[in-house]
Amino acid sequence: MTSGVAEHQHAMGSEWSGGQSPFAVGWPKLMMWLFLVSDTLTFAGLLTGYGVMRLTLGKWPVQFQIFNIGLVSLMTFILICSSATMAVAVVAARRGDGRRVRQFLLLTALGGLFFLGAQVYEWTNFIHEGARLFTNPWGIPQFSATFFIITGFHGGHVTGGVIYLLITYLRWARNRIQPESVEIAGLYWHFVDLVWVFIFTLLYLI
Amino acid sequence: MAEGQHEGGYRSYIVTWAWLLVITVLEVGIVLVRVPKVLLVLSLVTLALMKAALIMAYFMHLRYERLSLVYVVVTPLFLGVILFFGLAPDAINTFLLRR
């Protein structure tokens, strides 16, 4: 279907001449990409604000004395694995291997739930140690504020993603959706992993 | 999808997954050996960008999409970089004023 459109496009001229499908992808996938681009800017804003704040203050608590880097590494590991299982589900959908799609969508959602569980554990510990949104025992209020807001935003995205995956699972199981919908859900899930790459690096490691 | 035949199936995902894990181990390793701050920041940002590139190119299939879509996705990332470097001088000035 899409390849027919693409051939037509090539026949019409250059890639930049527009036409019915200038990006050679279906509109649902294009819309997801545009959403992800705008959501990238949300996180870019948050992380830039965090970076500017740290530069302004010049001092910051030593993160690996406060956070459990082992736990955070495990969360990173889980998220990377769930991205890989999602990729498998997408290929399986394209190949028409329905059973494998269901298995790997569930595995991916399970990975997301594990990640969220670890994050709840981490937040609980952090709050028990006295961290609040605008105050904390380490003397730099911005430290806990940026932590809660940025990881909270990301955690919200993971929660939304798990729900999205479960809905995709149910709709796939009832033959309501095409393989492309699984691929689009995959794009969102990989994006959540992508954002975590930067949060892990900038908030915990640097 | 139009150029789906170029994709290596599951194998390319396993390779990508393995590389992502290797880079993550490297990242944590660099923090644990405590290198100078400038080197730490530079190496960690480089590794993070490598991970991001791997995820976008292979997991999100961007490598197999048409170039126009790649440009649409990648251009705003440069805006993010400009945003940071536009604000950083102000932050450093404030920091220097406080000392």
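Please refer to the structure placed before this passage.
In this report, we go over the structure that sits alongside the text. Position labels on residues start from 1 in each chain and follow its written sequence. For this description, chains carry letters from A and ligands carry numbers from 1, given in the order in which they are written. For a predicted model such as this one, the threshold for reporting local features is a pLDDT of at least 70, and the threshold for listing and counting side-chain atom pairs is 80 or more; totals across whole chains, interfaces and linings nevertheless cover every residue. Note: side-chain values were computed over all heavy atoms of the structure, leaving out hydrogens and water.

Counting its secondary structure elements, chain B contains three helices and zero strands. In this text, helices come from DSSP runs of H or I with a minimum length of four residues, and strands from runs of E with a minimum of two, each type numbered from the N-terminal end. Mapped from its N terminus to its C terminus, chain B presents α and β elements in the order α-α-α. To get the radius of gyration, use the C-alpha atoms; to get the globule rule, take the number of residues to the power 0.38 and multiply by 2.2 Å. For chain B, the C-alpha radius of gyration of 18 Å lies well beyond 13 Å, the compact-globule estimate for 99 residues. Principal axes of the C-alpha set define a box for chain B whose edges measure 60 × 35 × 10 Å. Think of it in three bands: residues with accessible area under 20% of the maximum for their type are buried, residues over 50% are exposed, and the middle band is partly exposed, with areas taken using a 1.4 Å probe on protein chains only. Taking all 99 residues of chain B together, 40% fall into the buried category. Sequence-distant contacts, at least 24 apart, represent 55% of the contacts inside chain B between residues at least 6 apart. In what follows, a contact means two residues having at least one pair of non-hydrogen atoms within 4.5 Å.

It is worth spelling out the overall build of chain A at this point. Per the secondary structure count, chain A includes seven helices and zero strands. Ordering the α and β elements of chain A from the N terminus gives α-α-α-α-α-α-α. In terms of its C-alpha atoms, chain A occupies a principal-axis envelope of roughly 65 × 40 × 20 Å. Burial status across chain A gives 52% buried among its 206 residues. Counted over contacts in chain A with a minimum sequence separation of 6, partners at least 24 positions apart contribute 74%. Throughout, the Shrake-Rupley method with a 1.4 Å probe supplies accessible areas, and for residues the shown protein chains are the sole cover considered. Within the structure as shown, chain A displays about 9,200 Å² of accessible surface, and the carbon and sulfur contribution to it stands at 65%.

To continue, consider helix α6 (residues 141-173) of chain A. One fewer than the residue count of a helix, multiplied by 1.5 Å, yields its expected span. Taking 1.5 Å per residue as the helical rise, α6(A) with its 33 residues ought to reach 48 Å, and the 48 Å between its terminal C-alpha atoms agrees with that figure. Directly beyond the C-terminal end of α6(A), a positive phi value near 60° is found at A:Asn175.

Our next topic: the nonpolar core. Put simply, buried Ala, Val, Leu, Ile, Met, Phe, Trp, Tyr and Cys residues joined by side-chain atoms within 4.5 Å make one nonpolar core. Grouped together as the largest cluster of nonpolar side chains are 87 residues, with contacts concentrated most on A:Met86, A:Phe126, A:Val182, A:Trp196, A:Leu203, A:Tyr204 and B:Met60. Mapped by element, the contributors of at least two residues to this core are α2 (27-57), α4 (69-95), α5 (98-128), α6 and α7 (179-205) of chain A together with α1 (10-33), α2 (37-59) and α3 (67-98) of chain B. Among the elements that line this core, the one with the most residues is α7(A), at 17 residues. Setting aside residues up to four positions removed in sequence, A:Val182 forms contacts with A:Met86, A:Ala89, A:Val90, A:Ala93, A:Val101, A:Leu105, A:Thr168, A:Trp172 and A:Ile177.

Residues and elements named next belong to chain A. Between the N-to-C directions of two axes lies an angle of 0 to 180 degrees, each axis being a line fitted to C-alpha atoms and, for a helix, fitted only over the stretch in contact. Packing of α2 against α7 brings their axes to within 10 Å, and their N-to-C directions diverge by 10°. Taken together, the axis directions place α2 and α7 in an arrangement best described as roughly parallel. Mapping the contact onto sequence places Pro 28, Lys 29, Met 32, Trp 33, Phe 35, Leu 36, Asp 39, Thr 40, Phe 43, Leu 47, Tyr 50 and Arg 54 in α2 and Glu 180, Glu 183, Ile 184, Leu 187, Tyr 188, Phe 191, Val 195, Phe 198, Leu 202 and Leu 203 in α7. Note that Gly is not counted as nonpolar here; it falls among the polar residues with everything else outside the nonpolar set of Ala, Val, Leu, Ile, Met, Phe, Trp, Tyr, Cys and Pro and the charged set of Asp, Glu, Lys and Arg. Taken together, the residues of the contact of α2 with α7 break down into 16 nonpolar, one polar and five charged. For this classification, under 35 degrees means roughly parallel, over 145 means roughly antiparallel, 65 to 115 means roughly perpendicular, and everything else is oblique.

Let's shift gears to the environment of A:Thr168. All names here are of chain A. Mapped onto the elements, Thr 168 comes out in helix α6. A relative accessible area of 5% places Thr 168 in the buried class. Sequence separation between Thr 168 and Leu 105 is 63 residues, and the spatial gap between their C-alpha atoms is 8.0 Å. With residues up to four places along the chain from it excluded, the contact list for Thr 168 reads Leu 105, Ile 177, Val 182 and Ala 185.

A few words now on the interface of chain A and chain B. Taken together, the contact between chain A and chain B spans 60 residues of the former and 49 residues of the latter. Buried surface at the junction of chain A and chain B, both sides included, amounts to about 4,700 Å², of which 77% is carbon and sulfur. We define a salt bridge as a contact between a side-chain nitrogen of Lys or Arg and a carboxyl oxygen of Asp or Glu at a distance within 4 Å. Here chain A and chain B share one salt bridge between them. Put simply, A:Lys29 and B:Glu65 hold a salt bridge, and the shortest N to O gap is 2.7 Å. Counting only elements with at least two residues in the side of chain A that touches chain B, the list comes to α1 (2-12), α2, α4 and α7 of chain A. Examining the composition of the side of chain A that touches chain B, we find that 17 residues originate from one element, α2(A), more than from any other. As used here, buried area is the combined drop in accessible area, with a 1.4 Å probe, of two parts when they are placed together.

Moving on: a nonpolar patch on the surface. Together, A:Leu107, A:Leu110, A:Leu113 and A:Phe114 line one region of the surface with nonpolar side chains, adding up to about 400 Å² of accessible area. You can see A:Phe114 is positioned in helix α5. Patches were defined on residues exceeding 30% relative accessible area and lacking a salt bridge, with like-charge contacts within 9 Å and nonpolar side-chain contacts (Val, Leu, Ile, Met, Phe, Trp, Tyr) within 5 Å.

This paragraph deals with the packing of α4(A) against α7(A). All names here are of chain A. The geometry of α4 relative to α7 is characterised by a closest axis approach of 9 Å and an angle of 160° between their N-to-C directions. The pairing of α4 with α7 is recorded here as roughly antiparallel in orientation. By crossing handedness, the relation of α4 to α7 is classed as left-handed. When the residues that make up the contact of α4 with α7 are grouped by side-chain class, the tally is 18 nonpolar, six polar and three charged. Helix crossings are classified by the rotation of the near helix relative to the far one: an anticlockwise turn of less than a right angle makes the crossing left-handed, while a clockwise turn makes it right-handed.

Our next topic: the pattern of salt bridges. Residue and element names in this part refer to chain A. Per the counting criterion, the structure on display carries four salt bridges over all chains. A salt bridge links Lys 29 to Glu 183, with the nearest nitrogen and oxygen atoms 2.8 Å apart. A residue pair is termed long-range when its members are at least 10 positions apart, and Lys 29 in helix α2 and Glu 183 in helix α7 qualify at 154 residues. Accessibility classification places Lys 29 together with Glu 183 in one group, the buried group.

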